[in-house]
Amino acid sequence: MILDEKKKISKHFLYTKAWKMVYYPLAVKMMMKISLNTQIFLGALLGLALGAILGHTALPPQTSAPFLSGFDLLGKIFINLLKMIVIPLVFTSITAGIANLKNSPHAKRIWPTLIFYSLTTTALAAVTGLTAMNFIKPGVGLDIHLFKENMDSFQIHSLTLNGFAHSFVDAIFMNPVAAMGQNNILGVVVFAVFLGIAIIILGEKSQTVLKVINELFEITMTIVRWIMRLAPLGIMGLLTKLVAQANTQLLFVLSKYILVVVGSTLFHGLITLPLILWLITGISPWKFFLAMKEAFITAFSTSSSTATLPVSLRCITENLKVDAPIARFVLPVGATLNMDGTAMYEAMAALFVANLCGAHLSLPAQTTVVLTAMMASIGAPGIPSAGMVTMIMVLQSVGLPAQAVAILIAIDRPLDTVRTVVNVEGDCIGACVVQKIAASADFL
Ligand code: ASP
């Protein structure tokens, strides 16, 4: 009897007191010692492994489902918190970024440099992708009827170039409050640009507003820092769901295409862009990747350049020491308008669909693909699978069947991870390039 009591007490100690007094503080201490970067990295690895276990092993669905829904919730909390802060962040960051640029004697160079950089790198990405597709032709030999089921159940919403231009104009010039309410980042960007320029022109008369906006920006960044404490868990949740729900059968059938897409995207992200960075700014790519890795892991797991914005802004100003006004202006504008990974993917996917249908795309047709893919990437918002909507326009520009998007959508989630990282990388390198060129008096 006494022995039983003793056992009970020691068990009780093990589960309650020991937990409170020993294990929990120890775990917290250990976590505090591991840097946030490492925690995020570990969270990502754990997410990949858990996704594989929960989604692709013989576990019965009734066992894995509750875990999956728990991880899904964890990821959702993190991504929703990022979305919550992104509109105030974009608004204050661009307005303050532009208004504070007035102190820089080379501010006039920033716009042309950013536009030139974005167009050049986006075109390079699309052309690299097309070249790889022309050489490897992964769609040849695949039977389009394999995907008949997906294509038949797909509802096409036709998107012509003209329709695209109209909806683009509708999205960029709109009531700023409505734009904020509808999460329309492009509309917010445009209004913030106007506001920033007006503050510069009014000078002394608008200093109070500028002060308030600067303070609001600091406040939003403080909230971003809090949200980032959740990043390891959030990223683990997002990646668990992503891996668990991957359609492995379809991924296998399309593996050649996927390899070419991922290979070309990595080529652009690991060779072309770092080379541009190194040649223009002298920053070592290794140093750049180390400084930005938190942002890249976030981009990979959220598949959203916009949701990654708070993290990339923090990394680039704190770790790479890019001037705050430049980063605050270039990164949000880039997150919506400069998407190398998306342009490359849209061009490659169009050629893949052509291969699949047995259609030959002549050089002028491929040039049209490059140009529409560039436009489509400018128009795509920085959210998951946004490229799939604008993809319809690229296909239709050269007479390819829009239903083919159904095949692409089925495998888009895993592919979106890598292209979003390259989208974010392109923006961050853009900020470094703009800083270097704007500051160097004799460069232009
Ligand atoms: N997910 C991409 C991004 O946020 C856009 C896309 O290509 O779908 O940058």
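Refer to the structure above for everything that follows.
Draft legend 1. Broad picture of the packing of helix 13 (residues 285-302) against helix 14 (residues 305-318). Their axes nearest at 8 Å, the elements helix 13 and helix 14 cross at an angle of 175°. As judged from the angle between their axes, helix 13 and helix 14 are roughly antiparallel. Listed contacts from helix 14 to A291, M292, E294, A295, T298, A299 and T302 of helix 13 are A307, T308, V311, S312, R314, C315 and I316. Residues that form the contact of helix 13 with helix 14 fall into these classes: eight nonpolar, four polar and two charged.

Draft legend 2. Expanded view of empty space enclosed by the protein. A complete count under the given rule lists two cavities of 30 Å³ or more for this structure. When its volume is computed, the largest cavity comes out at roughly 70 Å³. Forming the boundary of the largest cavity are 15 residues, of which T342, P381, I383, D416 and N423 lie nearest the centre. Element by element, the count of residues in the lining of the largest cavity is highest for helix 20 (residues 412-439), at four residues. The residue makeup of the lining of the largest cavity, split by class, is five nonpolar, eight polar and two charged. As for the second largest cavity, its lining consists of S305, T308, L309, S312, L331, A335, V424, D427 and C428. Elements that contribute at least two residues to the lining of the second largest cavity include exactly helix 14, helix 15 (324-337) and helix 20. Within the lining of the second largest cavity, the residues separate by chemical class into five nonpolar, three polar and one charged.

Draft legend 3. Molecular detail of the packing of aromatic side chains. This structure, assessed with the given rule, holds seven aromatic pairs. Plain terms: the ring middles of F288 and F289 are 5.6 Å apart, the flat faces sit at 70° to each other, and that makes the pair edge-to-face. Look at F289 and you get partly exposed, because its relative accessible area is 22%. Each member of the aromatic cluster is reached from another via a ring pair, and the members are Y257, Y345 and F352.

Draft legend 4. Layout of the packing of helix 13 against helix 20. Contact geometry for helix 13 and helix 20: axes closest at 8 Å, N-to-C directions at 145°. Crossing of helix 13 over helix 20 shows right-handed handedness. In contact with F288, F289, M292, F296, A299, F300, S301 and T302 of helix 13, helix 20 contributes R413, T417, V418, T420, V421, V424, E425, C428, I429 and C432.

Draft legend 5. Structural context of the site of the ligand. Every one of the 14 residues lining the ligand counts as a neighbour, but S305, T342, G387, D416 and R419 are closest to it. Between the ligand and S303 there is a distance of 3.0 Å, counted from a nitrogen atom to a backbone nitrogen or oxygen. At 2.7 Å from an oxygen atom of the ligand is found a side-chain nitrogen or oxygen belonging to R419. Taking 270 Å² as the accessible area of the ligand by itself, protein coverage stands at 100%. Mapping the ligand onto the cavity grids shows that it belongs to the largest cavity. Elements that contribute at least two residues to the shell around the ligand include exactly helix 18 (386-397) and helix 20. It is helix 20 that contributes the most residues to the shell around the ligand, four residues altogether. A breakdown of the residues in the shell around the ligand according to their chemical character gives three nonpolar, nine polar and two charged.

Definitions and cut-offs
- Residues numbered from 1 in each chain as written.
- Predicted model: local features only at pLDDT ≥ 70, side-chain atom pairs only at ≥ 80, totals over all residues.
- Heavy atoms only, no water.
- Axes fitted to C-alpha atoms, helices over the stretch in contact; angles between N-to-C directions.
- Helix = DSSP H or I, 4+ residues; strand = E, 2+ residues; numbered from the N terminus.
- Parallel < 35°, antiparallel > 145°, perpendicular 65-115°, else oblique.
- Contact = heavy atoms within 4.5 Å.
- Nonpolar A, V, L, I, M, F, W, Y, C, P; charged D, E, K, R; others polar.
- 1 Å grid on protein atoms, 1.4 Å probe; cavity = no way out; pocket = protein on both sides within 12 Å on 5 of 7 lines; lining within 4 Å.
- Points joined across faces, edges and corners; volume = space filled by probe spheres on them.
- Phe/Tyr/Trp six-rings, centres within 6.5 Å; stacked < 30°, edge-to-face > 60°.
- Buried < 20%, exposed > 50% of the residue type's maximum accessible area, 1.4 Å probe, protein only.
- Left-handed = near helix turned anticlockwise from the far one by under 90°.
- Near = heavy atom within 4 Å.
- Polar contact = N/O pair within 3.5 Å; in protein donor to acceptor, adjacent residues only side chain to side chain.
- Areas by Shrake-Rupley, 256 points an atom, 1.4 Å probe, with all protein chains shown as cover.
- Sits in = over half its atoms within 2 Å of the grid points.

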